Amino acid sequence: MSKRVLIVGGGMGGTIVANGLARHLGDELRRGEVAITMLGDTDQHFYQPGLLYVPFGRMRESELSREQRQVLNRRVTFHVDPAKHIDVEKNQVTTDSGKTHGYDYLVLATGSRVMPQNIPGMVEGAHWFYELAAARKLRQALDTFQGGTIVVNVNAPHKCPVAPIEVTLMLHDHFRAKGMGEKVRLIYTYPIGRLHGLEPVANWVKPEYDRLGIAYETFFNTSKVDPAGKTISSEEGVDLSYDLLITIPPHQGAQVIDDSGLGKGGWVPTHPRTLHREGSTNVFVVGDTTNIPISKAGSTAHFEADTLIDNLVSLIVDGRMTRTYDGKVYCFLETGMKTGTYIWFDYETPPSPSPPTQMVHWLKLAYNRMYWLSARGLL
Amino acid sequence: MSERHRVDARGAMCPGPLMEMIAAIKLAAVGDEIEVLSSDRGTVDDIPEWVAKVGHRMVESVALDGYWSVVVKKAK
Ligand SMILES: Cc1cc2nc3c(=O)[nH]c(=O)nc-3n(C[C@H](O)[C@H](O)[C@H](O)COP(=O)(O)OP(=O)(O)OC[C@H]3O[C@@H](n4cnc5c(N)ncnc54)[C@H](O)[C@@H]3O)c2cc1C
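A quick note: this is a predicted structure, and the numbers were derived from the prediction, not measured. (Residues numbered from 1 in each chain as written. Chains lettered and ligands numbered in written order. Predicted model: local features only at pLDDT ≥ 70, side-chain atom pairs only at ≥ 80, totals over all residues. Heavy atoms only, no water.)

**Student:** Which residues make up the pairing of strand β3 (residues 57-63) of chain B, and what values do they have?
**Tutor:** Residues and elements named next belong to chain B. Here β3 runs beside strand β4 (residues 68-73); their pairing, made up of six bridges, is antiparallel. Along β4, the bridge assignment pairs Ser-61 with Val-70. The turn linking β3 back onto β4 is made up of four residues, and Gly-66 within it adopts a positive phi angle of 85 degrees. (Pairing = 2+ DSSP bridges. Helix = DSSP H or I, 4+ residues; strand = E, 2+ residues; numbered from the N terminus.)

Now the structure itself:
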C-alpha cells in the first residue's frame, strides 16, 4: 500500500514541506509507494512579506504572486478545493466540493488571517497592509495624505513580529523624503509594557523612536475604533485621535481548524519540538497555525518545514523520527528605506539585533526576489 | 461553566508570556481562568500590572520548579 501524505494549505509552510518531500522521496513517488496531495484554497501562491512594500509603491503587485502549480514539484497532486472538515480520528479530510481524502500522514499548514472585524469600528476606521486589497487602499491613502497624526496600532496575536516596527520606520523615511517630515506625527501603540515582545528588540527600538521623534503608547489593547470621531481607544482606558490609522489587526487561524474542533481560534495545540498535533502521532502542524508560543513568521514556517521534511521522510522510509525543531526564527528587519538589520533566536538563545546596515537592507530586498527558489526548496 | 485554559509559554522569547496571555484572554469567556506558565521572571510583575490596568482579576502567582504559574480570571 502506498503511503499517503496530505497537506492542507499551500502557503509558505505547506509548499516547502510538499516540495521537500517530493525531492527526497522522488524514487518512492515514481514507484507509486508514496503519494503527496495538497489541498489549497487558491491557484495562486502569494508572497506575503512583499505586502510591506506595497503601500510605499516599492514592490509591484506582479512580483507578489505566482501560479501555485508552477511553484510546486510536478509530482505533488494539487487541488484547489479547500478543506471543510478535518477528521483526525478517521484520518480523512472532506473538502468544499464534497470529496474525501484519506491519509497516512497529515500536515496542517493553514496559516493565520487578520480579523479586523473582531474590533468594533476597525474595518470602517482603519487601514492595514496585511492583505493585498487593504495594502492598495493604504497606498492611496498615503499618496493623498496631507499631514497630521498617523497611529500605527499593533494588536495581539499577529504574524511577522517585526513588520509593525518596519512600517513605522518606513513611514518616517517616506514622509521625510517627500519633504513632509514636519507635518506628520507618528504614534506607535503596542499591547504590552514595552515596544516589542522581544526585550532586546524593544530596547533597541526605543532610542530609535526617541531619536526620530516617533511617539509611543504601551499597554494599548484596542477596544474600539470610532471612524467618525477618528479616535482609537484601548481597554486600558486611553483614547488617541488620528488622521490616519494603520493597524496590525488581531489574527486567528483558519476557520476549518476551529470548525473541526482542532483548536480554539484556529490555533492547533502542537508539540514545540516534534511538531505533532497534541494527541496525534500521524498529524503534524507547521507555520502560523501552531499554538507554539513563538513568532508567527515565514522563517519559523521554513525551519519547522525543514524539520518536518526530515522526519516524514524517515518515518516513511525507516519508520522513525530523526530530529526535533529547536525553535529557530530568523527575521530581517527594515530600519527605514535604506537600512536594515536582522535577528535570530531559538528556544534557548535570545536575539541581539546588530546595528543596521545598508547591506542587510539589500539582502532583504534580494530575498524578496529569491523567495521563489526557497519555496521550491532550492534555497 | 467557567473553564481554565493553560498557556505554556515557557521558553517563549517572542511574542512572550504577556502577549500569549492577551491572545488567550480574547478567546476566553468572561469568568474563565487563564493559567500562564512562564520561565521568564518578569512575567510575575508584567501580568499583574496589565491585569490591574484592564480590570481583570489576579487569581494566583506561584513559583514552581524553575518557572512560574500565573492565573488570571477574565472579568469583562
Ligand atoms: C505584511 C507581512 C509581512 C511579513 N513579513 C515577513 C518577513 O519579513 N519575514 C518572515 O519570516 N515572515 C513574514 N511574514 C509572515 C509570513 O508571511 C507568514 O508567517 C507565513 O506565510 C506563514 O506560513 P504558513 O504556511 O503558516 O501560512 P500561509 O503562508 O498564510 O499559508 C496558509 C495557506 O493555507 C490556506 N488555507 C487556509 N484555509 C484553508 C483551507 N480550509 N483549505 C485549504 N487551504 C487553506 C491559505 O489560503 C494559505 O494559502 C509577513 C507577513 C505579512 C502579512
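Back to the write-up after that little detour.
**Student:** Could you give me a rundown of the domain arrangement of chain A, with the residues and numbers involved?
**Tutor:** Residue and element names in this part refer to chain A. Split into domains, chain A comes out as domain 1 (3-111 + 254-328) and domain 2 (118-250). Between the C-alpha centres of domain 1 and domain 2 there is a distance of 32 Å. At the interface, 16 residues of domain 1 touch 20 residues of domain 2. Between domain 1 and domain 2, roughly 1500 Å² of surface is buried when both sides are summed, and carbon and sulfur atoms account for 70% of that area. Its largest share of buried area at the contact with domain 2, domain 1 owes to Leu-52, Pro-55 and Phe-56, together 41% of the area lost on that side. Taken together, the links from domain 1 to domain 2 amount to two salt bridges. Residues Arg-136 and Glu-61 are paired through a salt bridge, measuring 2.8 Å at the closest nitrogen-oxygen approach. (Domains from an automatic or database assignment. Contact = heavy atoms within 4.5 Å. Buried area = accessible area lost by both parts, 1.4 Å probe. Salt bridge = Lys/Arg side-chain N within 4 Å of Asp/Glu carboxyl O.)

**Student:** Which residues make up the pattern of salt bridges, and what values do they have?
**Tutor:** Applying the stated criterion across every chain yields a total of 19 salt bridges over all chains. Residues joined by salt bridges that share partners form a network here, namely A:Glu61, A:Arg136 and A:Arg139.

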